[in-house]
Amino acid sequence: MFDGFEQRQLPTEESSVFARIGGSGPPLLLIHGFPETHLMWRDVAPLLAGDFTTVCVDLPGQGASGFPSDTAQQAAYSKRAMARQLLDAMKRFGFDRFALAGHDRGGRVAYRLALDHPAAVDRVAVLDVVPVAEAWDRADSRLTLAFWPWSLLAQPAPLPELLIGNAPDAVIEDATSQWGTPADCFPETVQSAYVDALRDRGRVHAICEEFRAAATIDREHDESDRQDGRRIECPLLVLWDDNGALGQWYADQGGPIAIWKSWAGNVSGMPVDGGHFFPEAQPRKTADELRRFFLGGL
């Protein structure tokens, strides 16, 4: 995996960020979601490396990245703080302006980075997400039952940490078999790596802190932006699993593109088959759509 990519541990003001970098061309940052690590991009990143200097990172506190210190209201694990750390990491590579794509939790870090640091972001793609505030505004029994991490992992410590840390294999098995993506899209080595990442109690705590932030301070940041009329200035691409939550739950509201149009002026997108983890199920399709968009084709 990641043939030709270099590994780096980049110091940041809060801790450090683990990254793999490879390819040539304009810089492109790829950010993973839950319960994955940067390994989710293992088949997508090499396909993009011919056109972009491609950087795959582990979110702060996750994978092989360092741990920010705990703070009140989970501020250190807010999307704003994570975006600031990833911006710092990209600057240490020498990239002051770049494109970026994020899946799941990484998609929310991506749009926050675009909102808070517009001068640094050329284009942004969000995969199978809507903004945090929009998701909570529409939360009902479907979200609670279908995506249990939203409510369970946001509970006060240490209950979710103990539950996840004592059954990491069950978490990965549920995600890879119940979230719409065929289980054979996850090689045994990758599944094992995802399980191992959840065996570390410190990393499980970081994951839970990020979910707690999504239920509190991230919502506050989004609400503040909505009230102030702040919008994403650069072009925004939305990709989603048409048979999953975004395609079904929000169909009567115009779908995910309609939701994102209240956050950005230049929005395009389309569904991609393959379940929630479609970058792992459909890496070539995902890479083709990202390439077209980041090269200005959409």
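If you're wondering where the values come from, they're calculated on a predicted model, not measured in any experiment. (Residues numbered from 1 in each chain as written. Predicted model: local features only at pLDDT ≥ 70, side-chain atom pairs only at ≥ 80, totals over all residues. Heavy atoms only, no water.)

Chemist: What exactly am I supposed to notice about helix H7 (residues 159-166) here?
Modeler: Think of an α-helix as turning once every 3.6 residues; residues three or four places apart then point the same way. Every buried residue of H7 is listed here: Pro160, Glu161, Ile164 and Gly165. Here the buried residues of H7 occupy an arc of 120° about the axis, which is enough to place them on one side. Buried residues in H7 make contact with helix H6 (149-152), helix H8 (168-178) and helix H10 (201-215). (Buried < 20%, exposed > 50% of the residue type's maximum accessible area, 1.4 Å probe, protein only. Helix = DSSP H or I, 4+ residues; strand = E, 2+ residues; numbered from the N terminus. Arc of directions from axis to C-beta. Contact = heavy atoms within 4.5 Å.)

Chemist: What am I meant to see in the sheet that holds strand E1 (residues 6-11) here?
Modeler: Backbone hydrogen bonds are what pair the strands of a sheet, in a parallel or an antiparallel way. What the eight strands build is an open sheet, ordered E1-E2-E4-E3-E5-E6-E7-E8; its pairing is mixed. Both edges of this open sheet fall to E1 and strand E8 (267-271), since each of them pairs with a single strand only. Taking the axes of each pair of neighbouring strands and ignoring which way they run, one obtains an average angle of 20° across the sheet. With five bridges joining them, strand E5 (residues 98-103) and strand E6 (residues 121-127) adopt parallel strand pairing. Bridge pairing in E6 places Leu100 opposite Val124. In the packing of helix H3 (residues 105-116) onto the sheet, the strands contacted are strand E3 (27-31), E5 and E6, and the crossing angle to E5 comes to about 145°. (Pairing = 2+ DSSP bridges. Axes fitted to C-alpha atoms, helices over the stretch in contact; angles between N-to-C directions.)

Chemist: What should I look at first to understand empty space enclosed by the protein in this one?
Modeler: A probe as big as a water molecule, rolled over the atoms, marks out the empty space that is left. With the rule as written, the count across this model stands at one cavity of 30 Å³ or more. There is about 50 Å³ of room inside the largest cavity. Surrounding the largest cavity, Phe34, Pro35, Glu36, Thr37, Gln62, Gly63, Ala197, Leu198, Arg203 and Ile207 form its lining. Classifying every residue of the lining of the largest cavity gives five nonpolar, three polar and two charged. (1 Å grid on protein atoms, 1.4 Å probe; cavity = no way out; pocket = protein on both sides within 12 Å on 5 of 7 lines; lining within 4 Å. Points joined across faces, edges and corners; volume = space filled by probe spheres on them. Nonpolar A, V, L, I, M, F, W, Y, C, P; charged D, E, K, R; others polar.)

Chemist: Sorry if this is basic, but what is going on with the pairing of strand E4 (residues 53-57) here?
Modeler: Taken residue by residue, a regular strand's side chains alternate between the two faces of the sheet. Across the five residues that make up E4, a large majority, five, are buried. The two faces of E4 match: Thr53, Val55 and Val57 on one face and Thr54 and Cys56 on the other face are all buried. Judged from the five bridges that link them, strand E2 (residues 16-23) and E4 form a sheet pairing that is antiparallel. Residue pairing across strands places Gly23 opposite Thr53, the latter belonging to E4. Of the strand pairs in this sheet, E3 and E4 are connected by five bridges, and their pairing is parallel. When the sheet's bridge partners are listed, Leu30 is paired in E4 with Cys56.

Chemist: In this structure, what is going on with the side chain of Arg108? I would like to understand it.
Modeler: Along the polypeptide, Arg108 turns up in helix H3. It turns out Arg108 is buried and unbridged, and the closest side chain with the opposite charge, Asp104, is 5.0 Å from it. Among all residues touching Arg108, those that are not within four sequence positions of it are Lys79, Val129, Val130, Pro131, Val132, Ala135 and Trp150. (Lys, Arg positive; Asp, Glu negative; His and termini not counted. Salt bridge = Lys/Arg side-chain N within 4 Å of Asp/Glu carboxyl O.)

Chemist: Help me understand the nonpolar core in this model?
Modeler: Here is a general trend for soluble globular proteins: nonpolar side chains tend to be buried in one another's company. If you look at the biggest cluster of nonpolar residues, it comprises 100 residues, and the most contacted ones within it are Trp260 and Leu290. Ignoring anything within four residues of it in the chain, the contact list for Trp260 reads Tyr111, Val126, Val129, Val130, Pro131, Ile232, Leu236, Val238 and Val267. (Core = buried A, V, L, I, M, F, W, Y, C linked by side-chain atoms within 4.5 Å.)

Chemist: Looking at this structure, I do not really get the packing of aromatic side chains. What am I missing?
Modeler: Two measures describe an aromatic ring pair: the distance that separates the ring centres and the angle between the ring planes. Applying the stated criterion to the full structure yields 15 aromatic pairs. Note on Phe2 and Phe5: the rings are 5.5 Å apart at their centroids and 75° apart in plane angle, and the pair reads as edge-to-face. Of the two residues, Phe2 and Phe5, both sit in the buried class. Between Tyr111 and Trp260, the ring centres sit 5.3 Å apart and the planes meet at 75°, which makes this aromatic pair edge-to-face. Separated by 149 residues along the polypeptide, Tyr111 in helix H3 and Trp260 in helix H13 (residues 255-260) bring together distant segments of the chain. Pair check on accessibility: Tyr111 and Trp260 agree, each one buried. Among the aromatic residues, those joined into a cluster by ring pairs are Phe34, Phe147, Trp148, Trp179, Phe186, Phe211, Trp249, Tyr250 and Phe277. It is Arg105 that lies over the ring of Trp150; its NZ or CZ is 5.1 Å from the centre. The cationic tip of Arg105 hangs over the ring face of Phe211; the distance from NZ or CZ to the ring centre is 3.8 Å. (Phe/Tyr/Trp six-rings, centres within 6.5 Å; stacked < 30°, edge-to-face > 60°. Lys NZ or Arg CZ within 6 Å of the ring centre and 35° of its normal.)

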